[in-house]
Amino acid sequence: MTADVFKTSLRSHQAGALSASNAGERVKLAGWVHRSRNLGGLVFVDLRDRAGIVQISFDPKWASADVIAAAASVGQETVVSIEGTVEPRPNEMRNPEMLTGDIEVHATSLAVLGAADTPVIPVARGKGEKLAAEDLRLRHRHLDLRRPELQQNILLRHKLQQTTRRFLDQHGYLEIETPILTKPTPEGARDYLVPSRVHEGEFYALPQSPQLYKQLLMVAGFDRYFQIARCFRDEDLRADRQPEFTQIDIEASFITPEDIMVLTEGLLLELFRDVGISIPPAFPRMEYKDAMERFGCDRPDLRYALEIVDVTDAFRSADFGITRTAIDDGGRVRGIRIPGGAAMSRKQVDEVEQIAKSAGAFGLLRLKKTDGVLEGPVAKFVDAASGAKLALDDGDLLLMVASRDEVSNPALDRVRQDVAKRLNLIPEGTTELVWITDFPLFGVDNESGQLAAVHHPFTAPHPDDIEKIDSDPRAVRALAYDVVMNGTELGGGSIRIHDASMQQRILGKLGIEAEDARNRFGFLLEALSAGAPPHGGIALGFDRIAMLLSGAASLRDVIAFPKTTAARALFEGAPTPVNEQDLHALHLDFRRSD
């Protein structure tokens, strides 16, 4: 992009884009007063625009007394225009911390374009200066967004969007918009409902994803689709989740999981390249069952070891009530060997145990090996032969959970993460990506105890497991896949069901009877009966990718106007009560719950 792109009637250059190559040029700049310093007749103003900051010098040698007086009186965040000449700074005055630190502008004029009240929150931060409270910054988001670090995040977000569009366009994908006002469908969270004024008692829903529309586009023969899609989910309050979010939505026909994974690897390679991060062109693959066995979760962080080990055999004959009860109940004894962990204090291990309890475990069983001897409350229940099965080296600590896998998996996952951080086992600056494949097609709803779709009800079953759908549905694998980076899911997708009878069969297993299926998904079933190609895709969390690649601490730092964790927009004050007249027009009556 050339500098001429930013040239207007009010400016010739971007302030923050000036460099030593502009020395001697006459320039016209416009921007915000970042800081000013009055040294008694000599005034310096740091002028800020989207490109950065440049120092403006007002000196009696080249500026009139009126111009210097005007420069001395402008307040922080006032919008001004100046004219002057770019000059090199003396060597002793250069500022290596500024991109424009080798030059300054000798200003001969200044005009105020937009007066500013004293900022409610500081925009400029010095070293060691803390930010204002986040709620206050979100309330005054127009000021917070002036911070250079936030502007850089938003600029990176733009760059990533353009890279996505270029990459997918080059691979034959068409960018097609799908409706925002749509039909309620099950996607794993509650829909945001929009009442219809024209059709009394009827509602639209805001899309949780464009899932069904992109499948219809495949049936229609568009072959390859993508969209940088806005999605909405009315979820319970969760840290760092947004009720509205953006995803890179992709769908293609006549493909297999391998085709989508290769495409996604190529796209992520380009996105990571935008920020100078090198990743391999292909990522390792790991089956869901292996991820759960080795790491206790389906989004493992592979930057460090600490894998879960099954030590049930070491306790099978032990006269220890906790392990005996767990094994007899169909559970196992599993744990994490921590090299050097024997040096952890009792207090530290107690803190780790609280982490395990918060994840549902009754507690942690502890063993450590020092000078060839097992120590800890459990040691007396482990004989020499059983101790050998534990495979502990001197200095190791073994933290165990005795229970069913649905209890031990989340507990040991949390233990693994906590210990890795506590012992500084995570190498800085490393990136590990992995595909998790062969998810189960069905899970169990925690509230109803009924079968539920692990991903969504349009995911195709693995062809080798179709005969198990009725006899052993929990054993059916899905043609589904997630891509995970450093323990964070970047996105997931699947091959879809493209046969109407199979789709009806899966809906039936989920308790959606034929008539209900026709009412809710008749348009999809009709489309699948019109000749549907094999198809599938993926949705990548764009906000999350932007956060990780920018190094931001929160999703809210890469979204221009985010919501709080309470799903409130503090800047404009949404959501807000609606008057009775507007409710009446929408055929609604509001009553407070007790």
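The structure this text deals with has already been given above.
Residues numbered from 1 in each chain as written. Predicted model: local features only at pLDDT ≥ 70, side-chain atom pairs only at ≥ 80, totals over all residues. Heavy atoms only, no water.

Peer 1: Help me understand the pattern of salt bridges in this model?
Peer 2: As a working rule, side chains carrying opposite charge can pair if their charged atoms are close by. Counted under the stated rule, the structure contains 42 salt bridges. Here arginine 37 makes a salt bridge to aspartate 46, at a shortest N to O gap of 3.5 Å. Looking at arginine 37, the relative accessible area reads 30%, which means it is partly exposed. Residues arginine 146 and glutamate 77 are paired through a salt bridge, measuring 2.8 Å at the closest nitrogen-oxygen approach. Here glutamate 77 lies in the loop between helix H1 (65-73) and strand S4 (79-88) and arginine 146 lies in the loop between helix H3 (141-144) and helix H4 (148-170), a separation of 69 residues in the sequence. Residue classification places glutamate 77 among the buried positions, given a relative accessible area of 2%. A single salt-bridge network, built from bridges that share partners, covers Arg137, Arg141, Asp144, Arg147 and Glu149. (Salt bridge = Lys/Arg side-chain N within 4 Å of Asp/Glu carboxyl O. Buried < 20%, exposed > 50% of the residue type's maximum accessible area, 1.4 Å probe, protein only. Helix = DSSP H or I, 4+ residues; strand = E, 2+ residues; numbered from the N terminus.)

Peer 1: Looking at this structure, how should I read a negative patch on the surface?
Peer 2: A grouping of Asp371, Glu375, Asp393 and Asp394 is seen on the molecular surface, where their side chains present a negatively charged patch. Along the polypeptide, aspartate 394 turns up in the loop between helix H11 (384-389) and strand S16 (397-403). (Patch = residues over 30% accessible without salt bridge, like charges linked within 9 Å, V, L, I, M, F, W, Y side chains within 5 Å. Areas by Shrake-Rupley, 256 points an atom, 1.4 Å probe, with all protein chains shown as cover. Lys, Arg positive; Asp, Glu negative; His and termini not counted. Charge placed at Lys NZ, Arg CZ, Asp CG, Glu CD.)

Peer 1: Help me understand the sheet that holds strand S5 (residues 103-114) in this model?
Peer 2: Pairing is mixed around the closed barrel formed by five strands, whose spatial order is S1-S2-S3-S5-S4. Shown here is a sheet whose adjacent strand axes are inclined to one another by a mean of 55°, direction ignored. As judged from the two bridges shared by strand S3 (residues 52-58) and S5, these two strands associate in the parallel manner. Its bridge partner lying in S5, isoleucine 56 is registered against valine 105. (Pairing = 2+ DSSP bridges. Axes fitted to C-alpha atoms, helices over the stretch in contact; angles between N-to-C directions.)

Peer 1: Got a minute to help me understand the nonpolar core in this structure?
Peer 2: As a rule of thumb, soluble globular proteins bury nonpolar side chains together. Judged by nonpolar contacts, the single largest core of 57 residues is most densely connected at Ile250 and Leu268. The biggest single contributor to this core is helix H6 (residues 257-273), with eight residues. Residues contacting isoleucine 250, with those up to four places away along its chain left out, are Leu168, Tyr173, Lys214, Tyr225, Phe226, Leu263, Leu267, Arg496, Gly536, Gly537 and Ile538. One finds Leu47, Phe58, Val74 and Val86 within the second-largest nonpolar core, a separate group that totals 23 residues. (Core = buried A, V, L, I, M, F, W, Y, C linked by side-chain atoms within 4.5 Å. Contact = heavy atoms within 4.5 Å.)

Peer 1: Just checking my understanding: could you explain the packing of aromatic side chains for this structure?
Peer 2: In this structure the tally under the stated criterion is six aromatic pairs. Three or more aromatic residues joined by ring pairs form one cluster here, namely Phe283, Trp435 and Tyr481. (Phe/Tyr/Trp six-rings, centres within 6.5 Å; stacked < 30°, edge-to-face > 60°.)

Peer 1: Hey, could you run me through helix H12 (residues 405-422) in this one?
Peer 2: At 3.6 residues per turn, the α-helix brings residues three or four places apart onto the same side. The terminal C-alpha atoms of H12 lie 25 Å apart, and with 18 residues this matches the ideal 26 Å at 1.5 Å per residue to within 8%. For H12, the set of buried residues is Ser408, Asn409, Ala411, Leu412, Asp413, Val415, Arg416, Asp418, Val419 and Ala420. Residues of H12 that are buried sit in contact with helix H7 (288-295), strand S12 (308-310), strand S13 (332-338), helix H10 (346-358) and S16. At the C-terminal side of H12, asparagine 424 shows a positive phi close to 55°. (Expected span 1.5 Å × (residues − 1).)

Peer 1: Looking at this model, I keep getting lost on the environment of arginine 505. Mind explaining?
Peer 2: Within the element layout of this structure, arginine 505 appears in helix H14 (residues 500-509). Along the sequence, arginine 505 and leucine 390 sit 115 residues apart, while their C-alpha atoms lie 46 Å from each other. Not counting residues up to four positions away in its chain, the partners in contact with arginine 505 are Ile466, Ile469 and Asp470.

Peer 1: I keep staring at the pairing of strand S22 (residues 535-541) and nothing clicks. Help me out?
Peer 2: Both faces of the sheet carry side chains from a regular strand, because those side chains alternate between them. The buried fraction of S22 amounts to six of the seven residues, a majority that puts the element mostly inside the structure. Where strand S21 (residues 488-495) lies against S22, five bridges are found, and the strand directions are antiparallel. Bridge pairing links glycine 493 to isoleucine 538 in S22.

Peer 1: Just to check I follow, could you spell out the sheet that holds S16 for this structure?
Peer 2: Backbone-to-backbone hydrogen bonds pair the strands of a sheet. The strands run either parallel or antiparallel. Spatially, five strands are ordered S12-S13-S16-S14-S15 in an open sheet, and the strand pairing comes out antiparallel. Taken across any chain shown, the strands that pair with only one partner, and hence form the sheet edges, are S12 and strand S15 (373-375). Direction aside, neighbouring strands of the sheet carry axes that sit 30° apart on average. Here seven bridges tie S13 to S16, and the two strands are oriented antiparallel to one another. Paired with arginine 334 across the strands is valine 401, a residue of S16.

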